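One-letter residues, chain by chain:
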Amino acid sequence: MTCCLAGRAEVEMAELYVKPGNKERGWNDPPQFSYGLQTQTGGPKRTPLTKRVAAPQDGSPRVPTSELSPGHPPVGPPPPSKAPGPPPVESCPSSCVVPTSSPVIEPEALLEDVLRPLEQALKDCHGHTRKQLCDDISRRLVLLREQWAGGKLSVPVKKRMALLVQELSSRQWDAADDIHRSLMVDHVTEVSQWMVGVKRLIAEKRSLSSEEAAKEEKSAAATENETMSGLQQAP
Amino acid sequence: MATYLEFIQQNEERDGVRFSWNVWPSSRLEATRMVVPLACLLTPLKERPDLPPVQYEPVLCSRPTCKAVLNPLCQVDYRAKLWACNFCFQRNQFPPAYTGISEVNQPAELMPQFSTIEYVVQRGPQTPLIFLYVVDTCLEEDDLQALKESLQMSLSLLPPDALVGLITFGRMVQVHELSCEGISKSYVFRGTKDLTAKQIQDMLGLTKSAMPMQQPRPAQAQEHSFISSRFLQPIHKIDMTLTDLLGELQRDPWPVTQGKRPLRSTGVALSIAVGLLEGTFPNTGARIMLFTGGPPTQGPGMVVGDELKVPIRSWHDIEKDNARFMKKATKHYEILANRTAANGHCIDIYACALDQTGLLEMKCCTNLTGGHMVMGDSFNTSLFKQTFQRIFSKDFNGDFRMAFGATLEVKTSRELKIAGVIGPCVSLNVKGPCVSENELGVAGTSQWKICGLDPTTTLGIYFEVVNQHNAPIPQGGRGAIQFVTQYQHSSTQRRIRVTTIARNWADAQSQLRHIEAAFDQEAAAVLMARLGVFRAESEEGPDVLRWLDRQLIRLCQKFGQYNKEDPSSFRLSDSFSLYPQFMFHLRRSPFLQVFNNSPDESSYYRHHFARQDLTQSLIMIQPILYSYSFQGPPEPVLLDSSSILADRILLMDTFFQIVIYLGETIAQWRKAGYQDMPEYENFKHLLQAPLDDAQEILQARFPMPRYINTEHGGSQARFLLSKVNPSQTHNNLFAWGQVMK
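- In the nomenclature of an unreviewed UniProt entry, chain B corresponds to Protein transport protein SEC23 from the organism Oryctolagus cuniculus.
- Its UniProt record gives chain B the following Sequence similarities (unreviewed entry) comment, quoted word for word: "Belongs to the SEC23/SEC24 family. SEC23 subfamily."
- You can read under Function (unreviewed entry) in the UniProt record for chain B the words "Component of the coat protein complex II (COPII) which promotes the formation of transport vesicles from the endoplasmic reticulum (ER). The coat has two main functions, the physical deformation of the endoplasmic reticulum membrane into vesicles and the selection of cargo molecules for their transport to the Golgi complex."

- In the nomenclature of an unreviewed UniProt entry, chain A corresponds to Steroid receptor RNA activator 1 from the organism Oryctolagus cuniculus.
- The heading Sequence similarities (unreviewed entry) in the UniProt record of chain A holds the text "Belongs to the SRA1 family."
- For the record of chain A, the UniProt heading Subunit (unreviewed entry) holds the text "SRA1 RNA exists in a ribonucleoprotein complex containing NCOA1. The RNA also forms a complex with PUS1 and RARG in the nucleus. Interacts with AR."

And the structure:
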């Protein structure tokens, strides 16, 4: 494995991002949040903005407290930070930070490190899965290979795929599934043609592994019985 | 007295209910003199992370005309194992499972903190959720590509055993048969001819029960029986095929000549979708999701012709009775909507186009069934993509927030009756002793059906006090109401949520101050607003405004303290202090003012208003305005032009838009680049603060709001300027000592 645990945390942080909306197609299009940000059940919320101020009952509108009248030239610079003033407004939680490019040059995820485990996983499923389905998944893995080799996939997608394969190999089905979902949400244009094959592969591996676990349990129980009866028969 | 705010808040948190009056006037006459009707906002599925559901059936009153659910207000004889229904006073025997109960060993449903409780019940086989995509192919290439990708993405967000189907339409309507092997087939219908449900089912081969139905396996309870049809298949089987099918979708092949609109057969497409679901899966949770990029221009339900030089109807056209297709089209969709609701399904409309798409005529589809209405400029925008993603958002348990097939029953104690409901529902026509003859909203019933809902869906329920004047206050001094909502949870479990509340009666003659102190001005404003918007659908705009003004005047006459002939002496108590402001902004709001909005836009705003919870509804009526400055933490300010100051940043939330406005000086500082200088880090934080607060709102809200970042003198500042009360204008600046240069 080329990715270490520290790399995984970095990848995850980098996937909490906000991009601007599509101003060309929609006026005032809101910014786009990544899957990671959207699914955060999120820590302490800032104070919700729901308060209102009652209008003064005596009818006179409030006199503005600022003396600046419109049209005046700027009245010098803003109050500098060192001046005794109100504390700076709370800095935003780390999740809102638009990621700067990481100073550490990470080794790029390698094609073989991703494709080989996937192809192996597919081979493992041969006995368990219908041929038609295997063929369908295989076709998509070929497509993935072509697109990767042809330089059509972006760095974040490759990183996430490496992580997905890691989770798959560690039998963390839910985690792998979640990564596939995050890729479909954040990078659908790049991944939509082949990702559904990876999704199915995860599902098939999961069901294969639970079948194997069930078989193992049965045979373990059977051997235990044999051993027990063997022990009883021993002189 | 000051604790009424706490009381109101605690009750809302626990029960999802906000009443206009929390102490009830005890006679009909006095209640009408209160001006604001006795009514409540109910959020039936309010999220309660602290309320685990109980896994047994609710205990019901044995009287056949009552059947109220056992609740904390009931008197209980623990020795004799009897309970007295608080609505009809019938004495009931506890069922055998309750033999062990005692004062120290109470079942949950009798404990006061469980005034709201949820039951999980076993009621027949659990059917999977169903999603039927109805997709317009008369879109521009970019738009169609973006829509296809969003639909492919949604396949990864749906649960693996959900059933999914696809209908595409343009000039013709195609129903796609989904199968994993071989060539994909589809049934093609002409877009000009409407068909009856039976015709559709015959033509699709549904009536012969040719559906491949496997016998449900007898083993585990959690396995779903494999019911499906050729047109609606489980995701885990069909996702590959459907992903490819979606990927290969092309624009409608019929050429569109210069000066013409594409021929779009939305009316027939929707009709076929409704008929398909009716014939295969009636009475189970299903969503028909209509994606459209323009108005219906062909066949029944067409809203405009195909000549571009004839524009789609405006409010002006409608007023002058110049909207040719409106009545017929509205009727077509109303019939479809009612059928869909009767089948327990809901219809969503996702309309993305630069011009109108016919939401005015189609709004009953979403409003009667509880489906979503999303309006955007293009499918290739973050607004659509993220709003669509949020449909599939999950709660703290990892379940989808969406729920289906809800029926709401309301029971009242004798002194009250139900006048009606305003919200995304239809009537179930259940008459009974609780039903009032004075109708308001969806009326004449004590049960309603909400086919699609989520944890924020809120209904306005209006009551009538029926006690005669001078009749004594009922014994016990409290009136009670029970709300029973049965629904299909997104995990396909059937659940029942029961909320039982009580409030004190008071004699309005001697205890007006108590009634006054318990007034919930926020709830009252939203309930009156829903009434106003409901009226606006059938009455003339100016009449509705006049009605609203009259109600405000009457309320002020009743509850204001003033000396005659002296306007400056007028005072309202604290519990009414915000109400006049709410009414002021309501009359200027897009819900009651159609000027500057197209009929589709007005329909869109009203759709969301009629279903949101109290906090969001209030934001829509009177947008929130917060001011950021060096002087201290952000503070709420009056929605008034006097709040617009050169050295402040304003954040305005109208629900549909988030506006950040930089005052003149702030804008100049930003232009000069002070935020990049280390000595002025304070300024950088000041600029960032409203952006962070805006982001928190943007991250959570459904539908996703538009985002406007503007400054003094910017053209987009008009969104702020049009909302604030113009107390200062160029006409009156002199009056306050400011010098005009």
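Here's the deal with the packing of aromatic side chains
Residue and element names in this part refer to chain B.
Item 1. In total, this model carries 33 aromatic pairs over all chains according to the counting rule given.
Item 2. Where Phe655 meets Phe656, the ring centres are 5.1 Å apart and the plane angle is 80°; that geometry is what we call edge-to-face. This pair shows no difference in class: Phe655 is buried, exactly as Phe656 is.
Item 3. With 5.8 Å between their ring centres and 85° between their planes, Trp669 and Phe683 make a pair best called edge-to-face. With a gap of 14 residues between them, Trp669 in helix α17 (residues 664-672) and Phe683 in helix α18 (residues 681-700) connect regions that are remote in the sequence.
Item 4. Among the aromatic residues, those joined into a cluster by ring pairs are Phe131, Tyr133, Phe291, Tyr350, Phe379, Phe384, Phe388, Phe392 and Phe400.

Quick notes on the sheet that holds strand β5 (residues 82-84) of chain B
All names here are of chain B.
Item 1. Here we have three strands laid out as an open sheet, ordered β4-β5-β6, and antiparallel in their pairing. In this open sheet, the two strands that pair with only one neighbour each are β4 (75-77) and β6 (91-93). On average, each strand axis in the sheet is inclined to that of its neighbour by 25°, with strand direction left out of account.

Focus on the pairing of strand β17 (residues 416-422) of chain B
All names here are of chain B.
Item 1. In terms of burial, β17 is a largely internal element, six of the seven residues being buried.
Item 2. Pairing of β17 with strand β20 (residues 459-465), which is carried by six bridges, proceeds in the antiparallel orientation. Paired with Gly420 across the strands is Tyr462, a residue of β20.

With respect to the confidence of the model for chain B
Residues and elements named next belong to chain B.
Item 1. Chain-level statistics for chain B give a pLDDT mean of 92 and a share of 95% at 70 or above.
Item 2. Contacts from residues 210-226, a stretch scored under 50 in pLDDT, to residues over four places away or in other chains number 14 contacts.
Item 3. With pLDDT under 50 throughout, residues 736-741 is counted as low confidence; its partners more than four residues away or in other chains account for eight contacts.

Thoughts on the nonpolar core
Residues and elements named next belong to chain B.
Item 1. Grouped together as the largest cluster of nonpolar side chains are 152 residues, with contacts concentrated most on Trp21, Ile461, Phe463, Phe483 and Tyr579.
Item 2. At 10 residues, helix α12 (residues 521-536) tops the list of elements feeding residues into this core.
Item 3. Setting aside its immediate chain neighbours within four residues, Ile461 contacts Ala39, Cys40, Leu42, Leu408, Val410, Ile418, Gly420, Val421 and Phe483.
Item 4. Within the second largest apolar cluster, 79 residues are counted, among which are Ile238, Cys346, Val374 and Cys451.

A short note on the interface of chain A and chain B
Item 1. Across the boundary between the two partners, chain A contributes 66 residues, which contact 86 residues of chain B.
Item 2. Linking chain A with chain B are five salt bridges, by the criterion used here.
Item 3. The salt bridge partner of Arg25 of chain A is Asp143 of chain B, with a shortest N-O separation of 2.8 Å.
Item 4. Counting residues per element, the ones that place at least two in the side of chain A that touches chain B are β2 (32-33), α2 (35-39), α4 (131-149), α6 (173-186), α7 (188-191) and α8 (195-233) of chain A.
Item 5. The leading source of residues in the side of chain A that touches chain B is α4 of chain A, at six residues.

Cut-off values and rules
- Residues numbered from 1 in each chain as written.
- Chains lettered and ligands numbered in written order.
- Predicted model: local features only at pLDDT ≥ 70, side-chain atom pairs only at ≥ 80, totals over all residues.
- Heavy atoms only, no water.
- UniProt positions renumbered as here; feature names shortened; annotations may be inferred.
- Phe/Tyr/Trp six-rings, centres within 6.5 Å; stacked < 30°, edge-to-face > 60°.
- Buried < 20%, exposed > 50% of the residue type's maximum accessible area, 1.4 Å probe, protein only.
- Helix = DSSP H or I, 4+ residues; strand = E, 2+ residues; numbered from the N terminus.
- Pairing = 2+ DSSP bridges.
- Axes fitted to C-alpha atoms, helices over the stretch in contact; angles between N-to-C directions.
- pLDDT = per-residue confidence, 0-100.
- Contact = heavy atoms within 4.5 Å.
- Core = buried A, V, L, I, M, F, W, Y, C linked by side-chain atoms within 4.5 Å.
- Salt bridge = Lys/Arg side-chain N within 4 Å of Asp/Glu carboxyl O.

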